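For reference, the chains in residue letters:
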Amino acid sequence: MIKTYGVVLIGCGHIGEQHIQEIYDKHEATIIATVDTNEKIAKSFASRFEAESYGTDYRPYLKDPRVEIVIIATYTDTHFAILRDCLLHGKHVICEKPIATNLDDAREFVRLVKESHCKVSVSHVLRYNRSYRKIKEMIDAGEIGELRMVRMNQSHHAGEEGHPWDRFIRLMQDCPPLIDCGVHYADVIQWFAESPIVAVSGISSKVDEDAPCDNYQVMLMELANGCRGYYEVGWSNNISSNNDKDFIGTKGHITLTMAQNRTDGINDKDRICVYYGDERKPDVIMDYDSVYKDMYGQYLNLIDMIENDAEGVVPIDAVYTSFRTVVLAYEAIKQGKRILIPDEHELLENV
Ligand SMILES: NC(=O)c1ccc[n+]([C@@H]2O[C@H](COP(=O)([O-])OP(=O)(O)OC[C@H]3O[C@@H](n4cnc5c(N)ncnc54)[C@H](O)[C@@H]3O)[C@@H](O)[C@H]2O)c1
């Protein structure tokens, strides 16, 4: 039986709903308030999730001692300022990624987290995903030899469930998809390869005229240990959705197909395949039970951090280096060159 924490949700949109739904379903929190600048949405969340109250301004709730955990699920340009307010008021935080819209704020974000006695978990949700964790285990066990190449695509055709074009337009006012979503995948490759990204480059294009910035990107990543990878992303009315992941080693490769992307009619389990030879016949096939965005796993992890002073599943340095990677990759694209990333240790000492 875990302690019942007082929780406030700030940002009642697409991802805020996923956070609060899981906590509500598991009945292991008192939802003190739901907050959104749009009062109607805040009110409807309060009613759906039986929050004690709702509001358009989060600040009064930070003064309430019953509030112990704040979930920041607002737009990216607000994450840093809200985090700072939460830590000032002694609240533990689950904060959506990306942590900021620029490197200066990101450094300050990390510094505040490191100096605070409160616990902060940034939503790099793939770290909680059982399929990703399984693949990491297999790579660590040497099942595909040495990891040499990682191919990752995460593109959304606007209009698919939960992804209306106007939501993407608003997200892209803060950062392009490469930065917004790329932090997950810069993190995955460094986590899997256990080596830092040392150089980035890429290409970019604006494929929808009304997109507020380039809305299609490919980022190339070079890691210190020789592993290489790319990440392709687009949010558009003009490209197809794709979620292919391929982890290639010196002895074989592993593919991951998320449950929602399977075309064989089985949509409740991810499929992990390991190939050592014939690419039409996987040598290992696993239908793997996983939750794509395990928000409850993340919530439990924050509680473990609070109660046991645990480091947490997502180290804050990994959050920072992932963010820095995508920001520099976008810079490399804009400058039309390859950018070398300073030594990770040196870079974190400067935070
Ligand atoms: N971890 C993930 O996998 C994941 C997935 C999707 C989105 N995100 C991130 O979550 C954030 C929100 O994205 P979304 O898709 O839920 O957007 P959304 O538009 O669906 O919802 C955002 C909500 O926040 C509210 N809001 C904005 N500023 C506010 C403020 N200052 N105070 C209170 N409410 C405020 C908006 O009114 C809106 O209802 C973005 O940073 C995005 O990158 C993360």
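Provided above is the structure to which this section pertains.
Residues numbered from 1 in each chain as written. Predicted model: local features only at pLDDT ≥ 70, side-chain atom pairs only at ≥ 80, totals over all residues. Heavy atoms only, no water.

## Details of the overall build of the protein
Each helix and strand in the protein was counted, giving 12 helices and 16 strands. By the compact-globule yardstick of 20 Å for 351 residues, the protein fits well, its C-alpha radius of gyration being 20 Å. Taking the principal axes of the C-alpha coordinates as reference, the protein spans close to 60 × 45 × 45 Å. Looking at the protein as a whole, 55% of its 351 residues qualify as buried. Across the protein, the fraction of contacts at a sequence separation of at least 24, relative to all contacts at a separation of at least 6, is 69%. (Helix = DSSP H or I, 4+ residues; strand = E, 2+ residues; numbered from the N terminus. Rg over C-alpha atoms; globule rule 2.2 N^0.38 Å. Buried < 20%, exposed > 50% of the residue type's maximum accessible area, 1.4 Å probe, protein only. Contact = heavy atoms within 4.5 Å.)

## Comments concerning the site of the ligand
Near the ligand lie 23 residues; those nearest to it are Asp36, Thr76, Glu96, Arg167 and Asp180. Contacts to the ligand include His79, whose side-chain N or O atom sits 3.4 Å from an oxygen atom. A distance of 2.7 Å is found between an oxygen atom of the ligand and a side-chain nitrogen or oxygen belonging to Asp180. Here the ligand has 850 Å² of accessible area as a free molecule, and 90% of this is covered by the chains. Secondary-structure elements contributing two or more residues to the shell around the ligand are helix H1 (14-26), helix H4 (76-88) and helix H7 (165-174). Residue contributions to the shell around the ligand peak at 3 residues, all from H4. (Near = heavy atom within 4 Å. Polar contact = N/O pair within 3.5 Å; in protein donor to acceptor, adjacent residues only side chain to side chain. Areas by Shrake-Rupley, 256 points an atom, 1.4 Å probe, with all protein chains shown as cover.)

## Digging into the state of the cysteines
Applying the stated criterion across every chain yields a total of 0 disulfides. Cys175 carries a free sulfur, and the closest cysteine sulfur to it, the one in Cys213, is 8.2 Å from it. As a non-bridged cysteine, Cys181 has Cys175 as the owner of its nearest cysteine sulfur, 11 Å distant. (Disulfide = S-S within 2.5 Å.)

## Focus: the pattern of salt bridges
According to the stated counting rule, one finds 25 salt bridges in the structure shown. Among the ionic pairs, Arg107 bridges to Asp104, the shortest N-O distance being 3.2 Å. Of the two residues, Arg107 and Asp104 are both situated in helix H5 (residues 103-115); the distance of 3 residues between them amounts to about one turn of the helix. Overall, Arg107 belongs to the partly exposed group, its relative accessible area being 25%. The structure contains a network of salt bridges with shared partners spanning Arg262, Asp264, Arg271 and Asp287. (Salt bridge = Lys/Arg side-chain N within 4 Å of Asp/Glu carboxyl O.)

## Let's talk about the packing of aromatic side chains
Going through the model one piece at a time under the given rule, you end up with 8 aromatic pairs. Seen from their ring centres, Tyr24 and Phe49 are 5.5 Å apart, and the 75° between their planes marks the pair as edge-to-face. Separated by 25 residues along the polypeptide, Tyr24 in helix H1 and Phe49 in the loop between helix H2 (39-48) and strand S3 (53-55) bring together distant segments of the chain. Of the residues examined, Tyr24 reaches a relative accessible area of 21% and is grouped as partly exposed. (Phe/Tyr/Trp six-rings, centres within 6.5 Å; stacked < 30°, edge-to-face > 60°.)

## Concerning the side chain of Asp174
Along the chain, Asp174 turns up in helix H7. For Asp174, a relative accessible area of 16% puts it in the buried group. Every residue in contact with Asp174, bar those within four places of it in the chain, is listed here: Tyr75, Thr76, Asp77 and Thr101.

## Structural notes on the packing of helix H9 (residues 182-193) against helix H11 (residues 316-335)
The contact between H9 and H11 brings their axes to 8 Å, and the two run at 115°. Note on packing geometry: the crossing formed by H9 with H11 is right-handed. The residues of H11 that touch H9, namely those facing Gly182, Val183, Ala186, Asp187 and Gln190, are Ala318, Thr321, Ser322, Phe323, Thr325 and Val326. Here the residues of the contact of H9 with H11 are counted per class, giving 5 nonpolar, 5 polar and 1 charged. (Axes fitted to C-alpha atoms, helices over the stretch in contact; angles between N-to-C directions. Left-handed = near helix turned anticlockwise from the far one by under 90°. Nonpolar A, V, L, I, M, F, W, Y, C, P; charged D, E, K, R; others polar.)

## Quick word on the environment of Val93
Note on placement: Val93 falls in strand S5 (residues 92-95). Judged by its relative accessible area of 0%, Val93 falls in the buried class. Residues in contact with Val93, not counting those within four places in the same chain, are Val70, Ile72, Leu83, Cys86, Leu87, Lys119, Val120, Ser121 and Leu302.

## Focus: unusual backbone geometry
For the bond running from Lys97 to Pro98, omega is -15°, close enough to zero to count as cis. Relative to the elements of secondary structure, Pro98 occurs in the loop between S5 and H5. Of note, Glu50 is a non-glycine position whose phi angle comes to about 50°, a positive value. Of note in the backbone geometry, Glu194 takes a positive phi value of approximately 50° without being a glycine. Along the polypeptide, Glu194 turns up in the loop between H9 and strand S9 (197-205). By relative accessible area, Glu194 is classed as exposed at 60%.

## Here we look at the sheet that holds strand S6 (residues 120-122)
Read from one edge to the other, the open sheet built from 6 strands follows the order S3-S2-S1-S4-S5-S6, with strand pairing classed as parallel. Edge positions in the sheet fall to S3 and S6, since each of these pairs with one other strand and no more. Going from strand to strand, the sheet's axes swing by 20° on average, the running direction of each strand aside. Judged from the 4 bridges that link them, strand S1 (residues 5-10) and strand S4 (residues 69-72) form a sheet pairing that is parallel. Along S4, the bridge assignment pairs Val8 with Val70. (Pairing = 2+ DSSP bridges.)

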